[in-house]
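Each chain, letter by letter, is given below.
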Amino acid sequence: MTKTKWAKRMRITSGVTWNLLLLLIISGLTLFIFVGSVGAGYFASLVAKEPLRSKQEMRDAIFTYEETSELYLAGDVYIGKVNSDIERRETKLDSVSPFVIDAVYATEDEYFEQHNGIVPKAIFRGLFQDVTNSDSQTGGSTLTQQLIKNRILTNEVSYERKAKEILLAMRIEHFMKKDEILEAYLNIIPYGRNSNGQNIAGIETAAGGIFATKAAKLNLPQAAFIAGLPQAPFAYTPFKSGGGVKEKEFLQPGIDRMKTVLFRMKETGYITKQQYDEAIAYDITKDFRQPVLRANERYPYLTQEIQNRTVDILSKIIAKKDGVDPGRLDKEVKLKEKYAILATRSMKNDGYRIYSTVNKDIYDKMNDIGNSFEHYGFTYSREVKDSDSGEVQLVEDPVQVGAIMIENSTGKILSFIGGRGHEHEALNHATQAYRQNGSAMKPLLVYAPAIEYGIIGAGSPVVDVKFNVRQSNGSTWSPSNYTSSMEAGIIPAREALSKSLNLATARLYRDIIDRRPAEFLAKMGISKLVPGDYVNYSTSYGGMDIGMSVEENTNAFATFANGGKFLDAYIIEKIEDTDGNIVFQHEAKPVDVFSPETSYIITDMLRDVVKTGGTGSQVSQNMNFSTELAAKTGTTQGYGDAWLVGYNPNVSLGVWLGYKDRTRSLFYGLERQTLHPTARTSMLFARIMNAANDVTPEIIGANSRFERPAGVVSRSFCGISGLAPSAACSSAGLVKTDLFNSKAMLPTRPDDSITSSSYVSVKGKRYLALPSTPGEFITTGGTGVNQAFIDRMLGPWKGDASKLFPANSAFASHVVSGAVFNADDSAPASVSVSLNGSTLTWSNSPSNDVIGYYVYNNGAKIGTIKDSSSNTFSVGSGSYSVRAVDITGKLSNASNVVTKEADKPVEEKAETPPPTENIPPPVTTPPGDNEGVTPPTDEKNDEDDKTGDE
């Protein structure tokens, strides 16, 4: 058969076929080797620039999660997370529901437990789909590859990135266990948005943000829903970008994806048919979490303040790690900006636990009071042009508020009020707004330094008399008290402070300004001082160039409560990293500012502010508990600002009110519509203290007491001079007793200011009588003071000596100023008289040196009327005139003459015999020195006088 024709043909055909097959195999192998070589070369070229990463480098890159930092209040009270671009919270694999793990395996990597980082057939399938531009893109990335892409590489779509991903995936499988890879994957993978619309990553964050549960407690449908999200996080997420659940039709893609995950779990044997059916029928929409207020929405001022201060702290920590002196950040703006950016990133993404000092109970109550306070005042409207649309809109401009409470012994910021609604203004008015502090400056810059220098004791006399001073710029400085006409004369320092008298404060400041007392302000943390603040007299009652914050002002007053030691107020107690290591711990650094003696004395003086007669008396009236309280009020020019800062032994509280527009007044033009600004700050201060005492009485410490140092002693002194009492001072009833710092000053030199005095009154002011002054106008035997005393008390700024003891002075009934009236040589101007029945009345002489008047009857002098008495005289029949008398004894021309006719006799009845002679006119006896003189009455300060802050 082999010789047959067809067999021969078969042999030839089979030989040719075999040879062709061999050729094809050889060609295929050659082509395969060639393509493989080209592919390998191309792959090598793609990964050529990829550095050879060490095991530690790769593990560090994988496990260094960008975890959202968390905020805590005092007592470890959690309030929320830091504002960040994405929210993430780390968890461990054993804290994740098994349903989640099974769903991830079934959906993302069925062969995870078997492969070495990649699945070749999946890679070739994905490559083929990519080359052919197939509509079906099944993907080829294992969990390991996805981990590499998210933690080491990027989401860049390129063959180079894919090649590096494959290489690194195989490498990382040698450095990490499967459980480590899975745990890292579950912690880093994005899961869309939470119910508030914030981007989230990590299984624990997804469980809480989507279903308000823990990852360990996710049921099967919930686990399937979350496991399906990574394929298209923002398409499948159930929440809108602004927060809240999507409309029903936009929820369906995510639900369909959940069903796909469940189907794969069933097909791969992770769940049974019954579990699948139950899960498919489950209404997942009822589990979606409703939006909740985030920390920055519930506590906008608080969270922002904590974050700002954390950035400041981390900036210096990072700079120090970089070898940069942290002190440079306070001086170099660009350097500060650089490290602020780095610190902000670190704060948001490094998973810190930030613990603050703020007491939640006090903060909540304090802000409830701030929000409900009904006496802020008028709300203006102002026009604002929108920068985008160009449209002009009306926005509200309400009275803003800033308040802060500080623990004296530690400097902890316990609570604050940042403003009246973050929507009106994001600026924190308690910590970030800088305003002039008005008369609240007086104890800080004037009275406490004067005590520290040994210039005054608590009751030492100061001079409240007007003056005119030529300033270096050529202008004349002529300040006044709150009531511009008021001059209190010589007055105890504690009274001048409690009534907030500007003139006395400015004069006392003049006596100490050469010692640069503003350096005390710098020691107490006042940060915005400029060179002019050290030399300008107006700084003495708050006229700083820039001003200070409520925090700074309150912190400075806390120095007095803390025995003269300044403790810088702080709000960040400590910062921990994700492993619990302490990154920052606050350390107190006390600064010695005033002696304990000075601090106690100024505290004792400031107690008078809240007593009857002090500018803050309404504080006590509105408080519902009793505590040792020292305080100071303050208002600025035109009521642009109103302050009240006070403290007890435990806490200090500062309150400020004012408009954003500093030119707007809290009071002028609104007197009938609003309470006085000081009444408003007093009421708000008292309500805050009441509330704080209600919720945390152990912190407020109502029963605590200021401890009097041994160096504070009570000593007697002559009240008008401040010197040790002399016999003359004692006999005049001028001896006073008050507190002194025995280490700084005591009244030891005997008083030498008292002299005997005769005086006259000119328009209500007392002057020494002249040799030519008519004796009937002179009051003799008074107590006077010598010229040396007058010159010493008035000092270089001089002033009207007659105002040293004005009628409303506590010393007015005891002593005469000793001023000499500068009389002219002209006779006084005449007056005009009128007659009303038996009462003669005349006008005041327009001359300024008149000490009284003579009354004449038919040319004979019958009466002497002293200055300050009423210009009236009872008369009988006859002709009358009046002459003015000046201090030199000169008389005016006689006034016009008025005549009173003699009374006609009254006819008697018939049974009564008629009189035998006319009834004579009544006899008028010329009054003595005190007759016809109306004694001067004490002027009483009105309510405005009591708030002499401006």
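Relevant structure appears above.
Along each chain, residue indices are assigned from 1 in the same order as the chain's sequence is written. In view of the model being predicted, local features appear only for residues whose pLDDT reaches at least 70, and side-chain atom pairs are presented and counted only at 80 or more, with totals across whole chains, interfaces and linings using the full set of residues. With hydrogens and water set aside, each side-chain value is computed from the structure's full complement of heavy atoms.

*Asks:* Go over the state of the cysteines, please, and point to the residues and values.
*Replies:* Our working definition of a disulfide is a cysteine sulfur pair at a distance within 2.5 Å. One pass over the structure, following the stated rule, counts one disulfide. A sulfur-sulfur distance of 2.3 Å marks the disulfide that ties Cys718 to Cys729. Negative torsions about the S-S bond denote left-handed disulfides, and the value of about 105 degrees found for Cys718 with Cys729 makes this one right-handed. Note that Cys718 is positioned in strand 22 (residues 712-718) and Cys729 in helix 26 (residues 727-731), a separation of eleven residues in sequence. Going along the chain from the N terminus, every DSSP run of H or I of four or more residues is numbered as a helix, and every run of E of two or more is numbered as a strand.

*Asks:* Please give an account of a nonpolar patch on the surface that cites residues and values.
*Replies:* Taken together, the side chains of Trp18, Leu21, Leu22, Leu24, Ile25, Ile26, Leu29 and Ile33 present a nonpolar region at the surface, about 790 Å² in accessible area. Mapping Leu24 onto the fold places it in helix 1 (residues 5-47). The patch calculation keeps residues exceeding 30% relative accessible area without a salt bridge and links them within 9 Å when they carry like charges or within 5 Å when they are nonpolar (Val, Leu, Ile, Met, Phe, Trp, Tyr). Methods summary: accessible areas were calculated by the Shrake-Rupley approach with a probe of 1.4 Å, and residue burial reflects only the protein chains presented. Salt bridges, as used here, are contacts in which a Lys or Arg side-chain nitrogen is within 4 Å of a carboxyl oxygen on Asp or Glu.

*Asks:* Please set out the packing of aromatic side chains residue by residue, giving values where relevant.
*Replies:* Stacked, tilted and edge-to-face are the three classes assigned to paired rings of Phe, Tyr and Trp, where Trp is represented by its six-membered ring and a pair needs centres within 6.5 Å; plane angles under 30 degrees give stacked, over 60 edge-to-face, the rest tilted. Applying the stated criterion across every chain yields a total of 32 aromatic pairs. Among the aromatic residues, ring-to-ring pairing joins Tyr453, Phe520, Phe557, Phe560 and Phe594 into one connected group. Taking NZ or CZ as reference, Lys178 lies 4.4 Å from the ring centre of Phe112, over its face. The side chain of Lys574 reaches across the aromatic face of Tyr355, ending 5.0 Å from its centre. In this scheme, the term charge over a ring applies when either NZ of a lysine or CZ of an arginine sits within 6 Å of the ring centre and within 35 degrees of the ring normal.

*Asks:* Could you give me a rundown of the sheet that holds strand 21 (residues 651-658), with the residues and numbers involved?
*Replies:* Two strands qualify as a pair provided DSSP detects at least 2 bridges between them. If you walk across this open sheet you meet the five strands as 10-9-21-20-19, and the pairing is antiparallel. Where the open sheet ends on each side, the last strands, each with one partner, are strand 10 (413-417) and strand 19 (630-635). Ignoring strand direction, the axes of neighbouring strands in this sheet form an average angle of 10 degrees. The pairing of strand 9 (residues 400-407) with strand 21 spans eight bridges and is classified as antiparallel. Along strand 21, the bridge assignment pairs Ile406 with Ser652. In what follows, a contact means two residues having at least one pair of non-hydrogen atoms within 4.5 Å. All axes are obtained by fitting lines to C-alpha atoms, using only the stretch in contact for helices, and the reported angles, taken between N-to-C directions, cover 0 to 180 degrees. Lying on the sheet, helix 22 (residues 596-607) is in contact with strand 19 and strand 20 (641-647); it crosses strand 19 at an angle near 65 degrees.

*Asks:* Go over the side chain of Ser415 with me, naming the residues and quoting the values.
*Replies:* Assignment of secondary structure puts Ser415 in strand 10. With near-sequence residues (within four places) excluded, Ser415 lies in contact with Val358, Ile362, Tyr363, Met366, Ile404 and Met405.

*Asks:* Talk me through the layout of surface pockets; I want residue IDs and the actual numbers.
*Replies:* Lining residues are those with an atom within 4 Å of a point, where the points come from a 1 Å grid over the protein atoms alone and group into cavities, where a 1.4 Å probe fits but cannot get out, or pockets, open sets with protein on both sides within 12 Å along at least five of seven lines. Grid points are joined across faces, edges and corners, and a volume is the space filled by probe spheres set on the points. The space that makes up the second largest pocket amounts to roughly 1700 Å³. As for the second largest pocket, its lining consists of 40 residues, and the residues nearest its centre are Arg309, Asp312, Lys316, Asp568 and Ala569. Contributing elements (two or more residues each) for the lining of the second largest pocket: helix 14 (300-321), helix 15 (333-349) and helix 21 (550-561). Here the lining of the second largest pocket takes ten residues from helix 14, the largest share from any one element. Any residue that is not Ala, Val, Leu, Ile, Met, Phe, Trp, Tyr, Cys, Pro, Asp, Glu, Lys or Arg is counted as polar, Gly included; the first ten are nonpolar and the last four charged. Grouping the constituent residues of the lining of the second largest pocket by class yields 17 nonpolar, ten polar and 13 charged.

*Asks:* Give a description of the sheet that holds strand 26 (residues 779-785) that names residues and reports values.
*Replies:* An order of 25-24-26 is seen for the three strands of this open sheet, with the pairing classed as antiparallel. Since the sheet does not close on itself, it has two edges, and those belong to strand 25 (765-768) and strand 26, each with one partner. In this sheet, adjacent strand axes meet at a mean angle of 60 degrees when their direction is disregarded. The pairing of strand 24 (residues 754-762) with strand 25 spans four bridges and is antiparallel. Note on strand 25: the bridge partner recorded for Val762 is Lys765.

*Asks:* An account of the environment of Ser617 is requested, with residue identities and associated values reported.
*Replies:* Mapped onto the elements of the fold, Ser617 is located in helix 23 (residues 617-622). Taking the C-alpha atoms as reference, Ser617 lies 9.9 Å from Arg607; in sequence the two are ten residues apart. Sequence-distant contacts of Ser617, defined by excluding residues within four places in its chain, comprise Val609, Val610, Lys611 and Thr612.

*Asks:* So what's going on with the side chain of Asp577? Which residues, and what values?
*Replies:* By secondary structure assignment, the location of Asp577 is in the loop between strand 16 (572-576) and strand 17 (582-585). The buried label applies to any residue whose accessible area, calculated with a 1.4 Å probe on protein chains only, is under 20% of its type's maximum; exposed applies above 50%, and partly exposed to all values in between. For this count, His and the chain ends are skipped, Lys and Arg are scored as positive, and Asp and Glu as negative. One buried charged side chain, Asp577, makes no salt bridge at all; its nearest oppositely charged neighbour is Lys321, positioned 8.2 Å away. Within polar-contact distance, the side chain of Asp577 engages the backbone nitrogen of Asn581 at 2.8 Å. Whenever two N or O atoms come within 3.5 Å, that pair is a polar contact, provided that in protein one can donate a hydrogen and the other can accept it, and provided that, for residues adjacent in sequence, both atoms are side-chain atoms.

*Asks:* I'd love a proper account of empty space enclosed by the protein, names of residues and values included.
*Replies:* Over the atoms rolls a probe the size of a water molecule, and in doing so it shows where empty space is left. On inspection of all chains with the given rule, the structure shows two cavities of 30 Å³ or more. The computed volume of the largest cavity comes to approximately 50 Å³. Forming the walls of the largest cavity are Arg382, Glu396, Asp397, Pro398, Gln400, His424, Glu425 and Lys660. The residue inventory of the lining of the largest cavity, partitioned by class, reads one nonpolar, two polar and five charged. Each pocket or cavity is described by its volume, and for the second largest cavity that value is around 40 Å³.

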